[in-house]
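Descriptive analysis of the structure
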Number of protein chains: 2
Amino acid sequence: MAAPSSSDAERQRDKDRTRADILDVATREFADKGYTGARVDEIAERTSTTKRMIYYYFGGKEQLYIAVLERAYLAIRALEAELDVEHLAPEDAIRRLAELTFDHHEAHPDFIRLVSIENIHRAEHIARSEVLAGLANPALDGLTQILERGRAAGRFRADVDPLDVHMVISSFCVFRLANRHTFAAIFGRDMLDPGRREHYRSMLGDMLVDYLTS
Amino acid sequence: MAAPSSSDAERQRDKDRTRADILDVATREFADKGYTGARVDEIAERTSTTKRMIYYYFGGKEQLYIAVLERAYLAIRALEAELDVEHLAPEDAIRRLAELTFDHHEAHPDFIRLVSIENIHRAEHIARSEVLAGLANPALDGLTQILERGRAAGRFRADVDPLDVHMVISSFCVFRLANRHTFAAIFGRDMLDPGRREHYRSMLGDMLVDYLTS
DNA sequence: TTGTGTTAACTAACTAGGTCGTACATAGGA
DNA sequence: TCCTATGTACGACCTAGTTAGTTAACACAA
C-alpha cells in the first residue's frame, strides 16, 4: 500500500462513485426483474460506464447481485439502529417500533422486492455473503428491552419471544407491500391506498398491544 | 359436432391426462425457478410428452404459467369453501379459520411460492386471466359471518373489517413460508421447525381473539 | 372389405434472437 | 516498463417459439 496522495484519494472517490452508480442501477434492475430476469447489458446501458466495468468491479452478475443485497440490508439496518424509545412507556414503545418498521418498509419497496426475490432463491446468495449471513437485526435489541421493561412493570405477558414479535411486525408490514398486487387483483383493495394508511399503521400497534397486555 | 362415441370420450380423457401431467410438472418448475427462470425445455423433458405439445395445448410459456396459476388458485379456493364453523362460538370459529389457513398454507408451499413470484411480476398474469381476476376468497364469507355473530353477541369489537382480518391471517401464514429462508439466514431460526409449529399455530389465534375482543 | 381422403395428435430439428462473459487493444500515470 | 482503468467487439451458449413432416384413427364410398 502506497501512502495516499491526493490523486489517490480522488481516484478512490471516483471509483466509489462508479461503484455506487452501478449499484443504484443494478438495485432497480434486480428489484424490478428478479435475478434471472435482470440483464447485465441493461444495467450497463443505464450506467455512466460499460459492462466491462461491471465485471471489472464486481466480477460477475451474481457477485453484483450479492453486492446489491448487502448494501440494501446494511442501509436498512443502519436506520433501525437509530431507534430510541427508552423514554416511552412499554406500550407506546412497541407502537413506535411497529410504526418505524411500517414506515421503513413503505419507504423502501425495492428492498422488500429484493427480499422476496431472494426468498424465491431460498436465500442462497445471502448465505454465500460473508457480510450478511447472520447479520442480526439491531431493532431486535430494542425490542428485547421493551418487552423486558413491560414485563418488569407487570404490564406485558411473560411468555413472549422478541423474535416472534418481530416476525409479526415484519409479516404485517412486508405482506402489505409484497403481496399487494395479487391482493388487489383478487379482492380489489389496494393495501397501499393513502386513505387507508393510518388505519393499517395504528391497527398493527393495537394488535400488538392487545396481545402483549392480554 | 358428431355424437360422442366411446373413443371420443377416451381421447378426451387422454387429453385431460396429458394436460394435467404437463400442469403438474410446470407447477413444480415455475414454483421452483420463477417465471423467467423456468425452462419450457425442462418442463417438456420431465413430461411424458414433448415441447411442441406444450405449445399445442397451451399456446406458449405465459399461457402455460397462467394455467398453472389458475389451477392452483382454484384448488385452494375449493378447499376453503368447505369451512364449516357455524356451530362454534365466535372466538373458537376465528381460531378454527386461522388454523385452517395456517395448515393450508403449510401444506401448499408451491402455491405460496407461485403467489410470491406472481407478486414480483406485479400480478400482471393474474390480471390477464379471466378466471382469476376478481376471484374472491370463499373463506371471506365465513369470516364475515363469524365477525357478525361475534359482534351481535357483544363479544367482538364493531369496527373490524373482514378483509383486514383476512389480511392479518394471510400475512402471518404467508410470511412464515415465503420469508423463511432469509429469516433463517439472518436470525438463525427456522419458522417451519416442527417443534415450534403448535406455538405459531395457537399464537395466531390468540392474537386475533385478543384483538377482536379488546 | 378395401381403398381413399381427412383430421387430430404428435415429433425432431431448426431458427432467430438474445445473454453472459471474455479477448484484445489502448491510454496514461508511477 | 508495469499497473490500473477502460472501450470494443465477439464468441459460446441458451431458449422460446416455429417449421415441416409423420403417425394413427376414422368416415365413407365402391
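Residues numbered from 1 in each chain as written. Chains lettered and ligands numbered in written order. Predicted model: local features only at pLDDT ≥ 70, side-chain atom pairs only at ≥ 80, totals over all residues. Heavy atoms only, no water.

Going by an unreviewed UniProt entry, chain A carries the name Transcriptional regulator, TetR family and comes from Lentzea albida.

**A look at the relation of the copies chain A and chain B**
Where we set the bar: The copies were overlaid with a least-squares fit restricted to C-alpha atoms from residues scoring a pLDDT of at least 70 in each copy. Contacts are assigned to residue pairs that have any heavy atoms within 4.5 Å of one another.
When chain A is brought onto chain B, the operation consists of a screw motion whose angular component is 180° and whose axial shift is 0.0 Å, with 0.1 Å RMSD remaining. Taken together, these values place the two copies in the relation of a two-fold axis. The overlap is high: 100% of the interface residues of chain A also sit at the interface in chain B, so the same surface is used on both sides.

**Let's talk about the interface of chain A and chain B**
Interfaces are frequently sized by the accessible area removed from exposure as the parts join. Our working rule: What counts as buried area is the accessible surface, traced by a 1.4 Å probe, that two parts surrender upon association, with contributions from both included. By definition, a salt bridge exists where a carboxyl oxygen of Asp or Glu is found within 4 Å of a side-chain nitrogen of Lys or Arg. Contacts described as polar in this section are N or O atom pairs within 3.5 Å, which, within protein, must combine one atom able to donate a hydrogen with one able to accept it, while residues neighboring in sequence count only if both atoms come from side chains. Only DSSP runs of H or I covering at least 4 residues are called helices, and only runs of E covering at least 2 are called strands; the numbering of each starts at the N terminus.
Counting residues at the interface gives 54 residues for chain A, matched by 54 residues for chain B. Counting each side, the surface lost to burial between chain A and chain B is near 4,800 Å², with a carbon and sulfur contribution of 66%. When residues of chain A are sorted by the area they lose upon contact with chain B, I120, M167 and I186 of chain A head the list and together hold 14% of the total. Here chain A is connected to chain B by eight salt bridges. The partner of R189 of chain A in a salt bridge is D164 of chain B, with the nearest N and O atoms 3.0 Å apart. Here chain A is connected to chain B by 18 residue pairs in polar contact (both at pLDDT 80 or more). Every element with two or more residues in the side of chain A that touches chain B is listed here: α1 (6-37), α4 (61-80), α6 (109-120), α9 (162-178), α10 (180-187) and α11 (194-212) of chain A.

**Thoughts on α9 of chain A**
Note the cut-off: Expected span, for any helix, means 1.5 Å times one less than how many residues it has.
Across its 17 residues, α9 of chain A extends 23 Å between first and last C-alpha, which sits within 8% of the 24 Å expected from 1.5 Å per residue. Where α9 of chain A starts, the residue carrying a side-chain oxygen 2.9 Å from the main-chain nitrogen of L163 of chain A turns out to be D161 of chain A.

**Description of the protein's contact with DNA strand D**
Cut-off, in case you're wondering: Throughout this document, a residue counts as near a molecule or strand when at least one of its heavy atoms sits within 4 Å of that molecule or strand.
Near DNA strand D, the surroundings consist of 18 residues, among which Y56 of chain A together with R39, K51, R52 and Y55 of chain B are the closest. Sugar plus phosphate: this is where 59% of the atoms of DNA strand D within 4 Å of the protein reside. T50 of chain A places a side-chain nitrogen or oxygen 3.3 Å from a phosphate oxygen of DNA strand D. Measuring from a base oxygen of DNA strand D, one finds a side-chain N or O atom of R52 of chain A at 3.1 Å. Looking at the surface near DNA strand D, the elements that each hand over two or more residues are α3 (51-58) of chain A together with α1 (6-37), α2 (40-45) and α3 (51-58) of chain B. Among the elements that take part in the surface near DNA strand D, α3 of chain A stands out by supplying four residues, more than any other.

**What about the UniProt feature "DNA-binding region" (unreviewed entry) in chain A?**
Keep this limit in mind: UniProt positions are given in the numbering used here, feature names are shortened, and annotations may be inferred rather than shown by experiment.
Here, UniProt's "DNA-binding region" (unreviewed entry) annotation points to residues 39-58 of chain A. As annotated, residues 39-58 of chain A has a helix share of 70% and a strand share of 0%, and its two end C-alpha atoms lie 15 Å apart.

**A look at the protein's contact with DNA strand C**
Filter applied, for reference: Throughout, the ten residues Ala, Val, Leu, Ile, Met, Phe, Trp, Tyr, Cys and Pro are labelled nonpolar, Asp, Glu, Lys and Arg are labelled charged, and all others, Gly among them, are labelled polar.
Surrounding DNA strand C, one finds 16 residues, the nearest of these being R39, K51 and Y55 of chain A together with Y56 and Y57 of chain B. Take K51 of chain A: an N or O atom from its side chain is 2.7 Å from a base oxygen of DNA strand C. For DNA strand C, a phosphate oxygen lies 2.8 Å from a polar atom in the side chain of Y57 of chain B. Listing elements by their share of the surface near DNA strand C, those giving two or more residues are α2 (40-45) and α3 of chain A together with α3 of chain B. Broken down by element, the residue count for the surface near DNA strand C peaks at four residues, all from α3 of chain B. Considered class by class, the residues forming the surface near DNA strand C number six nonpolar, three polar and seven charged.

**Some points on the domain arrangement of chain A**
Residue and element names in this part refer to chain A. Selection rule: Each domain's limits were defined by an automated method or a database of domain assignments.
Under the domain assignment used here, chain A contains domain 1 (7-59) and domain 2 (72-212). Domain 1 and domain 2 are separated by 30 Å when their C-alpha centres are compared. Taken together, the contacts link eight residues of domain 1 with six residues of domain 2. Summed over both partners, the interface of domain 1 with domain 2 comes to about 540 Å²; 64% of that surface belongs to carbon and sulfur atoms. Three residues, T27, A31 and Y35, lead the burial of domain 1 against domain 2; their summed loss comes to 67% of the area buried on that side. Inspection of the region where domain 1 meets domain 2 yields zero salt bridges. On the surface where domain 1 and domain 2 come into contact, there are two residue pairs in polar contact (both at pLDDT 80 or more). The class makeup of the residues in the side of domain 1 that touches domain 2 is three nonpolar, three polar and two charged.

**Observations regarding α3 of chain A**
Residues and elements named next belong to chain A. Rules: Under the scheme applied here, a residue whose accessible area is under 20% of the maximum for its type counts as buried, over 50% as exposed, and between as partly exposed, the area being computed with a 1.4 Å probe on protein chains only. To be clear, the arc concerns the directions from the helix axis to the C-beta atoms.
All of the buried residues in α3 are I54, Y57 and F58. Here the buried residues of α3 occupy an arc of 75° about the axis, which is enough to place them on one side. For α3, the exposed residues set more than 90 degrees away from the buried face come down to R52 and Y56. Directly beyond the C-terminal end of α3, a positive phi value near 100° is found at G59.

**A word on the UniProt feature "domain: HTH tetR-type" (unreviewed entry) in chain A**
The sites that UniProt annotates as "domain: HTH tetR-type" (unreviewed entry) are residues 16-76 of chain A. Between the C-alpha atoms that bound residues 16-76 of chain A there is a distance of 20 Å. The span itself is 85% helix and 0% strand.

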